[in-house]
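For reference, the chains in residue letters:
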Amino acid sequence: MRRWTPLLASAAFLFAMAVLAVPEVGDVPPAYLGKDRQGKKVDLKDLRGKVVIVSFWATWCPPCRKELPVLETLQQHAGRDRVRVVAINIERPRAYRRMERRLKDYTMTLINDYNGRTKKRFGVSGIPHLVMIRKDGTVAAIKRGYTEEMVPAMIDEVNALMRTEYAAATQAP
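Residues numbered from 1 in each chain as written. Predicted model: local features only at pLDDT ≥ 70, side-chain atom pairs only at ≥ 80, totals over all residues. Heavy atoms only, no water.

Things to note about the pattern of salt bridges
Opposite charge on two side chains allows them to pair when their charged atoms are near.
Okay, step 1: Applying the stated criterion to the full structure yields three salt bridges.
Okay, step 2: Measuring nitrogen to oxygen at the nearest pair gives 2.8 Å for the salt bridge that ties Lys-143 to Glu-157. In this pair, Lys-143 is assigned in strand β7 (residues 139-144) and Glu-157 in helix α5 (residues 151-171), connecting sequence segments 14 residues apart.
Okay, step 3: What makes Lys-143 partly exposed here is its relative accessible area of 22%.
Okay, step 4: According to the relative accessible area criterion, Glu-157 is partly exposed, its value standing at 31%. (Salt bridge = Lys/Arg side-chain N within 4 Å of Asp/Glu carboxyl O. Helix = DSSP H or I, 4+ residues; strand = E, 2+ residues; numbered from the N terminus. Buried < 20%, exposed > 50% of the residue type's maximum accessible area, 1.4 Å probe, protein only.)

What to know about the layout of surface pockets
Okay, step 1: Size it by volume and the largest pocket reaches roughly 260 Å³.
Okay, step 2: Together, 15 residues line the largest pocket, and Asp-36, Lys-40, Arg-80, Arg-84 and Thr-109 are the ones closest to its centre.
Okay, step 3: Those elements that provide at least two residues to the lining of the largest pocket are β2 (41-43) and β5 (109-112).
Okay, step 4: In terms of residues, the lining of the largest pocket owes the most to one element, β2, which gives three residues. (1 Å grid on protein atoms, 1.4 Å probe; cavity = no way out; pocket = protein on both sides within 12 Å on 5 of 7 lines; lining within 4 Å. Points joined across faces, edges and corners; volume = space filled by probe spheres on them.)

Some thoughts on a positive patch on the surface
Okay, step 1: Taken together, the side chains of Arg-65, Arg-94, Arg-97, Arg-98, Arg-101 and Arg-102 define a basic patch exposed on the protein surface.
Okay, step 2: No other element matches helix α3 (residues 93-102), which puts five residues into the positive patch.
Okay, step 3: Mapped onto the secondary structure, Arg-97 falls in helix α3.
Okay, step 4: With relative accessibility at 43%, the residue Arg-97 sits in the partly exposed group. (Patch = residues over 30% accessible without salt bridge, like charges linked within 9 Å, V, L, I, M, F, W, Y side chains within 5 Å. Areas by Shrake-Rupley, 256 points an atom, 1.4 Å probe, with all protein chains shown as cover. Lys, Arg positive; Asp, Glu negative; His and termini not counted. Charge placed at Lys NZ, Arg CZ, Asp CG, Glu CD.)

So, the nonpolar core
Nonpolar side chains tend toward joint burial in soluble globular proteins.
Okay, step 1: Membership of the largest hydrophobic core comes to 47 residues, with the highest contact counts inside it found for Leu-33, Ile-53, Val-54 and Val-86.
Okay, step 2: Mapped by element, the contributors of at least two residues to this core are β3 (51-57), α2 (62-78), β4 (83-89), α3, β5, β6 (129-133), β7 and α5.
Okay, step 3: If we skip the residues at most four places from it in the chain, Ile-53 touches Leu-71, Val-83, Arg-84, Val-85, Val-86, Leu-130, Val-131, Met-132 and Val-158. (Core = buried A, V, L, I, M, F, W, Y, C linked by side-chain atoms within 4.5 Å. Contact = heavy atoms within 4.5 Å.)

Some points on the confidence of the model for the protein chain
Okay, step 1: Here the protein chain averages 85 in pLDDT, and 83% of its residues register 70 or above.
Okay, step 2: The element-level mean pLDDT for the protein chain is lowest in helix α1 (residues 4-20), coming to 49, with β2 highest at 97.
Okay, step 3: Across residues 12-19, confidence stays below pLDDT 50; counting only partners more than four residues off in sequence or on other chains, it has zero contacts. (pLDDT = per-residue confidence, 0-100.)

As for the packing of aromatic side chains
Okay, step 1: Tallied over the entire structure, the rule returns one aromatic pair.
Okay, step 2: Plain terms: the ring middles of Phe-56 and Phe-122 are 5.6 Å apart, the flat faces sit at 55° to each other, and that makes the pair tilted. Linking Phe-56 in strand β3 with Phe-122 in the loop between α4 (117-121) and β6, this pair joins segments that are 66 residues apart in sequence.
Okay, step 3: Residue classification places Phe-56 among the buried positions, given a relative accessible area of 0%. (Phe/Tyr/Trp six-rings, centres within 6.5 Å; stacked < 30°, edge-to-face > 60°.)

So, the sheet that holds β5
Okay, step 1: The five strands lie next to each other as β5-β4-β3-β6-β7, forming an open sheet whose pairing is mixed. Here the strands that pair on one side only, and so sit at the sheet edges, are β5 and β7. Ignoring which end each strand starts from, the neighbouring axes of this sheet average 15° apart.
Okay, step 2: Two elements, β4 and β5, share four bridges in a ladder whose sense is parallel. Bridge pairing links Ile-88 to Ile-111 in β5.
Okay, step 3: Lying on the sheet, α2 is in contact with β3, β4 and β6; it crosses β4 at an angle near 155°.
Okay, step 4: This element, α3, spans β3, β4 and β5 of the sheet and lies at about 165° to β5. (Pairing = 2+ DSSP bridges. Axes fitted to C-alpha atoms, helices over the stretch in contact; angles between N-to-C directions.)

This is the structure in structure tokens:
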């Protein structure tokens, strides 16, 4: 039994590394994102078949504040059946609830991640941080630390991703 201990320890280490690995382009990101305003679990597995935009944000972040209305407009124009925006706030619940009231008419999914669990699983070390996810559930792009001026180009990238996903779906046999 003693000789199996290093093998089991190695297997456990590799399993832990796989579970804790930060998703990169082409990877399948962690599925569980948190709970929405109604307390319902938000899971990427349930959003397969849609382009998903996950944005980590805070009220004190100017690019984040500029990005949220743009992402909301994108989701409204594309439709929730084609694209889903999940905005994950990283602030204390009190600051989040104030902003949540301001965004009461937004249709995007809002989540508070004050405990930092989702932020950690996605490797978010600063904001703004945006992850674009293809319809197949793999990461298409990751944007870290961008400025307000870069938001329109990122939206163009999301639109291109939706066009590519739509073209692939309509050309499938």
